[in-house]
Amino acid sequence: MEAKFQKRLSDYKYALVCDLAQYESGFALLNVLTNALVEVQQISVSRTTDQPTGEMYEKFDDMVNNILNKYNLQVEDLLIIKEQLPINCGPHSTAQTLQALAAAHAVFNINIYLRKLYTYSNGIHSISVKTYFKKLLGIEKPQKDDIRAAVCKYYDIDPESITRDESDAIALWFCLRGAKWNKDIDDQIKLEKKHRKTLTAKHAIKESDKEIERLEGLKWDEQQFTTQISLKLGLQSASKTDN
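One structure accompanies this document, and this report is about it. (Residues numbered from 1 in each chain as written. Predicted model: local features only at pLDDT ≥ 70, side-chain atom pairs only at ≥ 80, totals over all residues. Heavy atoms only, no water.)

Another aspect to go through is the overall build of the chain. A count of helical and extended segments in the chain gives seven helices and five strands. Counting helices and strands in the order they occur from the N terminus, the chain gives β-β-β-α-β-α-β-α-α-α-α-α. Classification of the 243 residues of the chain by burial places 45% in the buried group. Counting contacts in the chain only where the partners sit at least 6 residues apart, residues at least 24 apart contribute 67% of the total. Working note: accessible area of the chain is about 12,900 Å², and carbon and sulfur atoms make up 50% of it. In the chain, the 33 positive side-chain charges and the 34 negative ones have mean positions that sit 7 Å from each other. (Helix = DSSP H or I, 4+ residues; strand = E, 2+ residues; numbered from the N terminus. Buried < 20%, exposed > 50% of the residue type's maximum accessible area, 1.4 Å probe, protein only. Contact = heavy atoms within 4.5 Å. Areas by Shrake-Rupley, 256 points an atom, 1.4 Å probe, with all protein chains shown as cover. Lys, Arg positive; Asp, Glu negative; His and termini not counted. Charge placed at Lys NZ, Arg CZ, Asp CG, Glu CD.)

Okay, here's the thing in structure tokens:
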């Protein structure tokens, strides 16, 4: 189910953040209230199987079952966040790899749909992640290693103890909680205000005002989060980040 603009971030107990790929996918489970990293997991699919997406579906299904049972969660307690599927081939991808990635996203989405899990829209674009860490770290073009080092330092993790897919998943959480959640709400409020200007009926204007107020109430204290990260990383207090 769509989570975007529906509930406050604090209405969820845990966030399961996913960096998907055909053969190697990284996952991070975080406590939304405390921001604690609860656990990370890597799902590996055999490169010799003739049904990699089917194997991925089964392993993802088992992982979610284990999380719900282990932490005694209902489906409404868990927010699913993933990296957005690219629409074009990047410098290090081909049409074939993009097609395989799309298949992985498809089986993932089917599982989410059947379970009626809350998921954050179509995901978070990698550009949004780089933009967030650019402002957080003060690096013009942060590389994956820069981002990995930052999330590992924040959680006092030995970089050798987790996979790059797992650290990429944690980075998605930083981006959503530190910037994108509120930015998406602000963008939606702008659209609603634009729509309000077209209204003439008093009741319609009143309903539009209610919707703007509701959206404002969904915002999260992102600056406190980013300041907390900056202090832990030994950075100067970061200014408000955009995506």
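More follows now that the structure is in view.
So, about the packing of aromatic side chains. Tallying each qualifying case throughout the model produces 11 aromatic pairs. Each ring, one from Tyr155 and one from Phe174, has its centre 6.1 Å from the other, and the planes form 70°; the classification is edge-to-face. Taken together, the residues span a long stretch of sequence, with Tyr155 in the loop between helix H4 (144-154) and helix H5 (164-196) and Phe174 in helix H5 at a distance of 19 residues. For Tyr155, a relative accessible area of 16% corresponds to the buried category. Accessibility expressed as a relative area gives 0% for Phe174, which makes it buried. (Phe/Tyr/Trp six-rings, centres within 6.5 Å; stacked < 30°, edge-to-face > 60°.)

Next up on the list: the pattern of salt bridges. Within this structure, the stated rule accounts for 16 salt bridges. The closest approach of N and O atoms between Glu140 and Lys134, which form a salt bridge, is 3.3 Å. On the basis of relative accessible area, Glu140 is assigned to the exposed category, the value being 57%. Classification of Lys134 as partly exposed rests on a relative accessible area of 33%. With a closest N to O distance of 2.6 Å, Asp145 and Arg164 form a salt bridge. Residue Asp145 is located in helix H4, and its partner Arg164 is located in helix H5; the two are separated by 19 residues in the primary sequence. (Salt bridge = Lys/Arg side-chain N within 4 Å of Asp/Glu carboxyl O.)

The next thing to look at is the pairing of strand S3 (residues 37-44). Pairing analysis gives seven bridges linking strand S2 (residues 24-31) to S3, with the strands arranged antiparallel. Within the sheet, the bridge partner assigned to Leu30 lies in S3 and is Leu37. Hairpin connection of S2 to S3: five residues between the antiparallel strands, including Asn35 at a positive phi of 70°. (Pairing = 2+ DSSP bridges.)

This brings us to the environment of Ala201. With respect to the helices and strands, the residue Ala201 is situated in the loop between H5 and helix H6 (202-216). On the basis of relative accessibility, which here comes to 29%, the residue Ala201 falls in the partly exposed class. With 22 residues separating them along the chain, Ala201 and Gln223 place their C-alpha atoms 38 Å apart.

On the basis of which strands lie adjacent, the open sheet formed by five strands has the order S3-S2-S1-S4-S5 and mixed pairing. Each of the sheet's edge strands pairs with one partner strand only, and the pair in question is S3 and strand S5 (118-119). Most of the contacts of helix H1 (residues 52-70) go to S3, to which it runs at about 160°, and overall it touches strand S1 (14-19), S2, S3 and strand S4 (78-82). (Axes fitted to C-alpha atoms, helices over the stretch in contact; angles between N-to-C directions.)

On to the pairing of S2, then. Burial runs high along S2: seven of the eight residues are buried. Judged from the six bridges that link them, S1 and S2 form a sheet pairing that is antiparallel. Among the inter-strand pairings, Leu16 is bridged to a residue of S2, identified as Leu29. Counted between consecutive antiparallel strands, the loop separating S1 from S2 contains four residues.

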